[in-house]
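# Close look at the chain arrangement
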Amino acid sequence: MKCDKCNYEGSKNEFRYLYNVQIDESISCRECPKCHSFVNCDELAEEKSRKGA
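Let me sum up the structure you'll find in this document. A quick note: this is a predicted structure, and the numbers were derived from the prediction, not measured. (Residues numbered from 1 in each chain as written. Predicted model: local features only at pLDDT ≥ 70, side-chain atom pairs only at ≥ 80, totals over all residues. Heavy atoms only, no water.)

### Looking at the overall build of the chain
Selection rule: Numbering goes from the N terminus for both helices and strands, where a helix is a DSSP run of H or I of at least four residues and a strand is a run of E of at least two. Only heavy atoms matter for contacts: two residues are in contact if any of them lie within 4.5 Å across the pair.
Within the chain one finds one helix and three strands. Along the chain, from the amino end to the carboxyl end, the secondary structure elements read β-β-β-α. A separation threshold of at least 6 residues defines the contact pool for the chain, and within that pool the share at least 24 residues apart is 30%.

Listed below in structure tokens is the structure:
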């Protein structure tokens, strides 16, 4: 993942999970460990890319 505000790049696990944007969507909101701004993450896309699908 990469933070749009400070350009910090790290694994999804480094970005603290905050909440899902919508209960039935795979988009979640995470917090950057460096600048603490919110970063949107598509959990499903991240999982697919991690598994190589």
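### Considerations on the nonpolar core
So the rule is basically this: Definition of nonpolar core: a set of buried residues of the types Ala, Val, Leu, Ile, Met, Phe, Trp, Tyr and Cys, connected through side-chain atoms within 4.5 Å. Accessible area is worked out with a 1.4 Å probe on protein chains only. A residue is then buried under 20% of its type maximum, exposed over 50%, and partly exposed in between.
One finds Met-1, Cys-3, Phe-15, Cys-32, Val-39 and Cys-41 forming the largest nonpolar core, which totals six residues. Each residue touching Cys-3, except ones within four places of it in the same chain, is listed here: Tyr-8, Phe-15, Cys-32, Cys-35, Ser-37 and Val-39.

### Some remarks on the sheet that holds strand S3 (residues 38-42)
Condition: Two strands pair if DSSP finds at least two bridges between them. Axes, fitted as lines to C-alpha atoms, cover a helix only where it is in contact. Angles between the N-to-C directions of the axes lie from 0 to 180 degrees.
Read from one edge to the other, the open sheet built from three strands follows the order S1-S2-S3, with strand pairing classed as antiparallel. Bordering the open sheet on either side are strand S1 (16-20) and S3, each of which pairs with just one other strand. Between one strand axis and the next, the sheet turns by 35° as a mean value, whatever way the strands run. The pairing of S1 with strand S2 (residues 27-31) spans four bridges and is classified as antiparallel. Residue pairing in the sheet places Arg-16 in a bridge with Glu-31 of S2.

### Remarks on the pairing of S2
Counting buried positions along S2 gives four out of five residues, so the element sits mostly inside the fold. Remark: six residues form the turn of the hairpin made by S1 and S2, two consecutive strands paired antiparallel. Sheet topology places S2 next to S3; five bridges connect them, and they run antiparallel. Looking across to S3, one finds that Arg-30 is bridged to Val-39.

### Examining a nonpolar patch on the surface
Which entries qualify depends on this criterion: Like-charged residues within 9 Å of one another, or nonpolar side chains (Val, Leu, Ile, Met, Phe, Trp, Tyr) within 5 Å, are grouped into patches, provided each residue has over 30% relative accessible area and no salt bridge. Computed by Shrake-Rupley with a 1.4 Å probe, the accessible areas treat only the displayed protein chains as cover when residues are assessed. In what follows, salt bridge is the name for a side-chain nitrogen of Lys or Arg lying within 4 Å of a carboxyl oxygen of Asp or Glu.
A contiguous nonpolar patch, built from Tyr-17, Tyr-19, Val-21 and Phe-38 and spanning about 430 Å² of accessible area, is present on the exposed surface. Inspection of the secondary structure assignment puts Tyr-17 in strand S1.

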